[in-house]
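Descriptive structure summary
Each chain is listed here by its residues.
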Amino acid sequence: MSTGPAASVSRAPHALALAWLLVVLLVAAHQWTFWHADRLDTDVLALLPQDEQSPELGRATRQLADSAARSIMVLVGAQDGAAATQAAQRFDAVWRERDGALAGGATPSLGAGREAVDALLPWRDRLLTAAQRERLQHTPPAALAESALASLHQPGAGLLLSDWRADPLGLWPQWWSQRLAGTPARPRDGVLAFHADDMEWVLLSHDVAGSAFALDGNAVHGAALQAAEAATRALVPQARVLTAGVPLHGEAAAVRANQEINLIGWGSLAAIVLLMWLAFRSLWPIVLVVVTLAVGCMTALSVTALVFDRVHLITLVFGASLVGVAEDFGIHYFASRIGRPELAPQGLLRLLLPGLLLALATSVIAYLMLGLAPFPGLRQMALFSAVGLSAAFMTMACWFTLLDRGRVRASAFASAIGNSLARWPRVRITRRSTALAGVLALLAAAGVARLQANDDVRQLQSSPPVLQQSQREVQRLLQLPSPAQFLWVGGATAEDVLQREERLTPLLDAQVAAGMLKGYVALSDWVPSLARQQADAALTARVETQVLAQVGQALGENLQRPAFDAAPLTPQGVLARPESAALRGLWLADAGHGPGSVVLLQGLADAAQVAAVRAAVQGVDGVRWVDNVAEISTLMARYRVSMSLLLLLGYVAVLLALWWRFGRAAWRAWLPTVLAAVFSLAMLGWLGESFQLFNVLALILLLGIGVDYGIFLLEHDGDGSAWLAVVLGAASTLLSFGLLGLSSTPALRAFGLTMALGTACVWLLSPMFRPSRPPQPGR
């Protein structure tokens, strides 16, 4: 038995194949655990970068999003109150029956019932509005006593919110009335109701118990709401239903992602199988290529989940297009088996490895360049694609030489494609070609000039327009503040934050009076600073004691003011109560450099209002205006420019790498991709598409993939089997990214369209730049 170097070399492929099999088994085990856990993410915020200079703003935005992540709101409207209540009760009954993912009770909110009133009653003496404080400070005690005596003799005085002696001036119901002014909904006949747009509306609200983001393609909440609406209209035909809530957007994204993954992934796979059957007329090459795709996608998902913990649905949609790229290695291998049937699989692989490794390197580098932008979503996509491509290559390199034992024969389809290379035109400099190039250059320049930049971050949102419109209507009718624009108040201690809020709120009151705001939500309105609590408690104690003394003297009774809780109100104490769920998103106990709070603004509808409010609060210590949409859109614009410069450097780096391999012939593999990039931009301009960061990222990827075709043709010049591999690979890549161009997410659609246009162009141009004789490889 041989034990020399030759035997060691012969055992090396088996060792590599076994080692890679162990890796794949570990990946398969991880896949089992991944799909049985809630590890998928649909939150658009998870795709976006954090503010590196102010990380506390990212935490605040995340907390605001989390506070509403499980709530679904429904407005049921009708022409009169009785019909609206009847319709709402019918809707709620069917909704609860059909949606098994709802939590048991309705979403609690501070101010929604008697529990909230009772929760703050022990501190009634230190909760005053600005108008009440002004009145107590400047109104003579005799006038206040006269008002208190008049309220005591009013009909129904015994039904006041608190005992008259504890609140002789009626401060407590006045305070609650102002706190509830931010929402039109009021308790009526056991429901929360209000009047708006010449209709009576009833508000229904429930939390979801489970995740709305399961990738099973089922719209649980949406189907239940549709059934409830149908039942409601059957009872009250004129009823109108509006729905809103993060779970609905998340579920819609999950359903669409499921559809797009199936369309892109299975569509690409079906096309690849069909092309390979036409080319090879054998099942075994198809099986092996499908195995490389499966291993590549599984490994990519596992590594991405291990690095990022949660995987975004957009990453999976984008990753589905990997099917059209990762099969190139297997297709090139089997196409070369047709062209070099005399070589054994191991010998053929050694012949192909230099070109395949260079192609892998350029593609992986291109994918990893996508991750240079500080967008977690892009980094996920970059890692997923780079790992998936590498795993597909490893599967081909480790397993194909051992599993490929049959003979691959050229079909008529494969022969026709291979023979077409000899008839493919080559670029030659003539008067006609120069004139044609000039005309095409002018058309391309005109198309590029038509491009308009659009960096709006909302291009990452893919919710159905109907759902978005319904969400806006609910926000308008309920006067809900937008979590995208708010004021951040920071400080060293909780007392600092609350005092700064108290200096801010008079400025906001002035904006409300001027019509620039409809209102605002500030925690200091519910939990004043310690200094204000002490001052207001002392003020009410002094004034109310005087009032009770004068009223008692008039009545001939000894009226004593009851004692109130001596312990101060604190944010932690108030927010810990279940009635305070709606306020918890406003307070960050630890924002990195101390606590902080969010002041939400109601009724910001246009740029003039935004400018007025920003100018009013400018200069207030510790207060910062936050506009997440504008700030992240500006960041995307900045990275669109910087990534464009990086793309230019990438073209130079790839040209140097090709020069190292092919010498003076390197430009022949490089120029088709450059021309394809220009063509893609020109076509986007002529089609009226906008220019954004995702177009630049697609061009970066096109650079990595496009030069592969030139590499294969230079490595095997005149070889019809290499051209067959290029045609099959380009066709599947074109189909994958063409299907990605059908995505409902505008950013992915822009990426897919750019890649499809570029791939088609580089596919047609690459054989036109073949040299007249085979190039001499470099080192």
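The rules behind the values
- Numbers given for residues are sequential positions, taken from 1 along each chain in its written order.
- Restriction of local features to residues with pLDDT of at least 70 applies here, the model being predicted, together with a cutoff of 80 or more for giving and counting side-chain atom pairs; totals for whole chains, interfaces and linings are based on all residues.
- Only hydrogens and water are set aside when side-chain values are computed; all heavy atoms of the structure are taken into account.
- Numbering of helices and strands starts at the N terminus; helices are DSSP runs of H or I of at least 4 residues and strands are runs of E of at least 2.
- Accessibility here uses a 1.4 Å probe with only protein chains present; expressed as a share of the type maximum, an area under 20% marks a residue as buried, one over 50% as exposed, and anything in between as partly exposed.
- Note on areas: Shrake-Rupley, 1.4 Å probe, and residue coverage restricted to the protein chains presented here.
- Classification of ring pairs rests on two measures: the distance between centres of Phe, Tyr or Trp rings, Trp counted by its six-membered ring, which must be within 6.5 Å, and the angle between planes, read as stacked under 30 degrees, edge-to-face over 60 and tilted in between.
- A helix's residues, less one, multiplied by 1.5 Å, set its expected span.
- Think of a polar contact as two N or O atoms within 3.5 Å of one another; within protein, one of them needs to be a possible hydrogen donor and the other a possible acceptor, and neighboring residues in sequence only count if both atoms come from side chains.
- Salt bridges are counted wherever a side-chain nitrogen of Lys or Arg sits within 4 Å of a carboxyl oxygen of Asp or Glu.
- Grid spacing is 1 Å over the protein atoms alone, the probe is 1.4 Å, and a cavity is where that probe fits but cannot get out, while a pocket is an open set with protein on both sides within 12 Å along at least five of seven lines and lining residues have an atom within 4 Å of a point.
- Grid points are joined across faces, edges and corners, and a volume is the space filled by probe spheres set on the points.
- What makes a nonpolar core is a set of buried Ala, Val, Leu, Ile, Met, Phe, Trp, Tyr and Cys residues whose side-chain atoms join them at distances within 4.5 Å.
- Whether two residues touch is decided by their heavy atoms; if any such pair falls within 4.5 Å, the residues are in contact.
- Residues enter a patch when their relative accessible area is above 30% and they make no salt bridge; the linking distance is 9 Å between like charges and 5 Å between nonpolar side chains (Val, Leu, Ile, Met, Phe, Trp, Tyr).
- Axis lines are fitted to C-alpha atoms, over the contacting stretch for helices. Their N-to-C directions set the angle, which ranges from 0 to 180 degrees.
- Working definition: roughly parallel below 35 degrees, roughly antiparallel above 145 degrees, roughly perpendicular at 65 to 115 degrees, and oblique for all remaining angles.
- For any pair of crossing helices, the crossing counts as left-handed if the nearer helix is rotated counterclockwise from the farther one by less than a right angle, and right-handed if it is rotated clockwise.
- Residue type decides the class: Asp, Glu, Lys and Arg count as charged, Ala, Val, Leu, Ile, Met, Phe, Trp, Tyr, Cys and Pro as nonpolar, and the leftover types, Gly among them, as polar.
- Strands pair, by our definition, only if DSSP identifies at least two bridges between them.

**Quick word on the overall build of the protein chain**
Looking only at helices and strands, one finds 27 helices and 15 strands in the protein chain. For the protein chain, the spread of C-alpha atoms along the three principal axes comes to 120 × 60 × 50 Å. Relative to its 779 residues, the protein chain shows a buried fraction of 52%. Total accessible area computed for the protein chain in this model is approximately 34,200 Å², and 62% of it derives from carbon and sulfur atoms.

**Considering the packing of aromatic side chains**
Throughout the structure, instances matching the rule amount to 16 aromatic pairs. Here the aromatic rings of W424 and W723 are separated by 5.1 Å at their centres, their planes lie at 65°, and the arrangement is edge-to-face. Of the two residues, W424 sits in the loop between α16 (412-423) and α17 (431-449) while W723 sits in helix α26 (residues 720-740), which places them 299 residues apart along the sequence. By relative accessible area, W723 is classed as buried at 1%.

**So, helix α10 (residues 283-308)**
With 26 residues, α10 ought to run about 38 Å at 1.5 Å a step, and its terminal C-alpha atoms sit 37 Å apart, in line with that. Between a side-chain oxygen at the N-terminus of α10 and the backbone nitrogen of W284 the separation is 3.5 Å; the capping residue is S282. Downstream of α10 by a residue or two, D309 has a phi angle that is positive, lying close to 70°.

**Observations concerning the pattern of salt bridges**
Enumeration over the complete set of coordinates arrives at 17 salt bridges. As a salt-bridge pair, E544 and R124 come within 2.8 Å of each other at their nearest N and O atoms. In this pair, E544 is assigned in helix α20 (residues 530-555) and R124 in the loop between α4 (114-120) and α5 (130-138), connecting sequence segments 420 residues apart. Comparing E544 with R124 shows no difference in burial state: the two are buried. E229 is paired through a salt bridge with R233; the nearest N and O atoms lie 2.9 Å apart. Taken together, the positions of E229 and R233, both in helix α8 (residues 220-235) and four residues apart, correspond to about one turn of that helix. Through salt bridges with shared partners, a single network forms among R124, D167, E544 and R561.

**Observations regarding the layout of surface pockets**
Looking at the second largest pocket, its volume works out to about 860 Å³. Lining the second largest pocket are 23 residues; nearest its centre among them are L436, A437, L440, L675 and L765. Of all the secondary-structure elements, those providing two or more residues to the lining of the second largest pocket are α17, α24 (666-686) and α27 (746-765). Per element, the largest residue contribution to the lining of the second largest pocket is eight residues, and it comes from α17.

**What to know about the nonpolar core**
Within the largest apolar cluster, 119 residues are counted, with the highest numbers of intra-cluster contacts made by Y367, L658 and F751. The greatest single-element share of this core, amounting to 17 residues, is contributed by helix α25 (residues 693-715). Residues in contact with F751, not counting those within four places in the same chain, are F318, L370, F694, L697, A698, L701, F737 and L740. Among the nonpolar cores identified, the runner-up in size contains 45 residues, and L64, W123, L517 and V613 belong to it.

**What about α27?**
What sets the pattern is the α-helix's 3.6 residues per turn: residues three or four places apart point alike. With 20 residues, α27 extends 29 Å from end C-alpha to end C-alpha; this agrees with the ideal 28 Å at 1.5 Å per step. Within α27, 15 of the 20 residues are buried, leaving the element largely enclosed by the surrounding structure.

**A word on the environment of A320**
Structurally, A320 can be placed in helix α11 (residues 313-320). With a relative accessible area of 7%, A320 lands in the buried category. In the structure, A320 is positioned 264 residues away from R584 in sequence and 39 Å away in space, judged by C-alpha atoms. Setting aside residues up to four positions removed in sequence, A320 forms contacts with I261, I264 and G265.

**A closer look at a nonpolar patch on the surface**
On the surface, W277, L283, W284, V287, V291 and L403 cluster together to form a nonpolar patch covering roughly 520 Å² of accessible area. Sorting elements by how many residues they give to the nonpolar patch places α10 first, with four residues. By the secondary structure assignment, L403 is in helix α15 (residues 376-403).

**Let's talk about the packing of α26 against α27**
Following both chains from N to C, one finds α26 and α27 inclined at 160°, their axes separated by 7 Å at the closest point. In terms of axis orientation, α26 runs roughly antiparallel to α27. Of the two elements, α26 crosses α27, and the hand of that crossing is left-handed. Two secondary-structure elements touch here, α26 through W723, V726, V727, A730, A731, T733, L734, F737, G738 and L740 and α27 through L748, R749, F751, G752, L753, M755, A756, T759, A760 and W763. Partitioning the contact of α26 with α27 into residue classes produces 15 nonpolar, four polar and one charged.

**A look at the packing of α11 against α15**
Contact pair α11 / α15: the axes reach a minimum separation of 9 Å and the direction vectors enclose 35°. Judged by the sense of rotation from one axis to the other, the crossing of α11 with α15 is right-handed. Residues I314, T315, L316, F318 and G319 of α11 pack against G377, Q380, M381, F384 and S385 of α15.

**Things to note about the pairing of strand β2 (residues 71-78)**
With eight of eight residues buried, β2 is to be regarded as a mostly interior element. Side chains S71, M73, L75 and G77 of β2 all project onto a buried face; the interleaved residues I72, V74, V76 and A78 project onto the opposite face, where all are buried too. One ladder, built from eight bridges, connects β2 with strand β6 (residues 199-208); its direction is antiparallel. Among the inter-strand pairings, M73 is bridged to a residue of β6, identified as S205. Relative to strand β7 (residues 240-244), β2 runs antiparallel, the two sharing five bridges. Bridged to V74 within β7 is T243.

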